Amino acid sequence: MPVQTTTHLNFRGDARQALEFYQSVFGGHLIVNTYADFGMPAEIPGSDKVVFGLVAGENGFRIMGYDIPGRTEGGIAAPGSTHRENNTTVTDQSLFVSISAPTLEELQGYWDTLSTDATIVEPLAASAWSAGFGMLTDRFGVTWSASVTTE
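Keep in mind that this is a model prediction, so the values were computed, not measured.

Draft legend 1. Focus on the side chain of Thr143. Within the fold, Thr143 resides in strand S10 (residues 143-148). Excluding residues within four positions of it along the chain, Thr143 makes contact with Thr82, Gln93, Phe96, Val97, Met135, Leu136 and Thr137.

Draft legend 2. Structural context of the nonpolar core. Residues Phe11, Tyr22, Ile63 and Trp144 are the most contacted members of the largest nonpolar core, which totals 28 residues. When contributions to this core are tallied by element, the ones reaching two or more residues are strand S1 (7-11), helix H1 (15-26), strand S3 (50-56), strand S7 (97-101), helix H2 (104-114) and S10. The element best represented in this core is H1, accounting for 7 residues. Each residue touching Tyr22, except ones within four places of it in the same chain, is listed here: Leu9, Phe11, Gly27, Phe61, Ile63, Leu114, Asp138, Phe140, Val142 and Trp144.

Draft legend 3. Structural detail: H1. Here H1 is 12 residues long and its end C-alpha atoms lie 16 Å apart, about the 16 Å a rise of 1.5 Å per residue gives. Listed in full, the buried residues belonging to H1 are Ala15, Ala18, Leu19, Phe21, Tyr22, Val25 and Phe26. Considered in projection along H1, the buried side chains sweep an arc of 160° and stay on one side of the axis. Directly after H1, the chain includes Gly27, whose backbone phi takes a positive value near 80°.

Draft legend 4. Structural view of the sheet that holds strand S9 (residues 133-137). Taken together, the 4 strands give an open sheet; going across it, the order is S7-S10-S9-S8, and neighbouring strands pair in mixed fashion. Edge positions in the sheet fall to S7 and strand S8 (119-125), since each of these pairs with one other strand and no more. Across this sheet, the average inter-strand angle for adjacent strands is 20°, counted without regard to direction. Strand direction decides the pairing type here: S8 and S9, joined by 4 bridges, are antiparallel. The residue bridging Glu122 from the neighbouring strand is Met135, located in S9. Packed onto the sheet, H2 meets S7, S8, S9 and S10 and runs at close to 165° relative to S8.

The rules we used
Residues numbered from 1 in each chain as written. Predicted model: local features only at pLDDT ≥ 70, side-chain atom pairs only at ≥ 80, totals over all residues. Heavy atoms only, no water. Helix = DSSP H or I, 4+ residues; strand = E, 2+ residues; numbered from the N terminus. Contact = heavy atoms within 4.5 Å. Core = buried A, V, L, I, M, F, W, Y, C linked by side-chain atoms within 4.5 Å. Buried < 20%, exposed > 50% of the residue type's maximum accessible area, 1.4 Å probe, protein only. Expected span 1.5 Å × (residues − 1). Arc of directions from axis to C-beta. Pairing = 2+ DSSP bridges. Axes fitted to C-alpha atoms, helices over the stretch in contact; angles between N-to-C directions.

Have a look at this one:
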């Protein structure tokens, strides 16, 4: 029986903006439910924040996100950092989101949009294991690893 995993990102107040951005990059449909949608009184601060969010594309892309109650400083929870040092990737982040595409052209399209206001950790280029590999940390603090699928 197949098992599907979906990355679930926890944000500090800007889950809606992040999910809308990811939808603009990867396409698909966006579902957003707020705390108010699930019964929190509208006058309570944060009732307009995301309790359940999902982007699901026909291309197989799926990502979920929500806002941690009471957090408003923006970005992903426990952001950390990722950078290159001495020809290696150094990080204290708990996870990366990894994406792949069958061609460099398709991957380049995602990369070009995802890299808007991002910090490039490793430029998208040919590598020893892939026709294209790159890493970046997006404007929300999420680090993405991107590669062309190897056959």
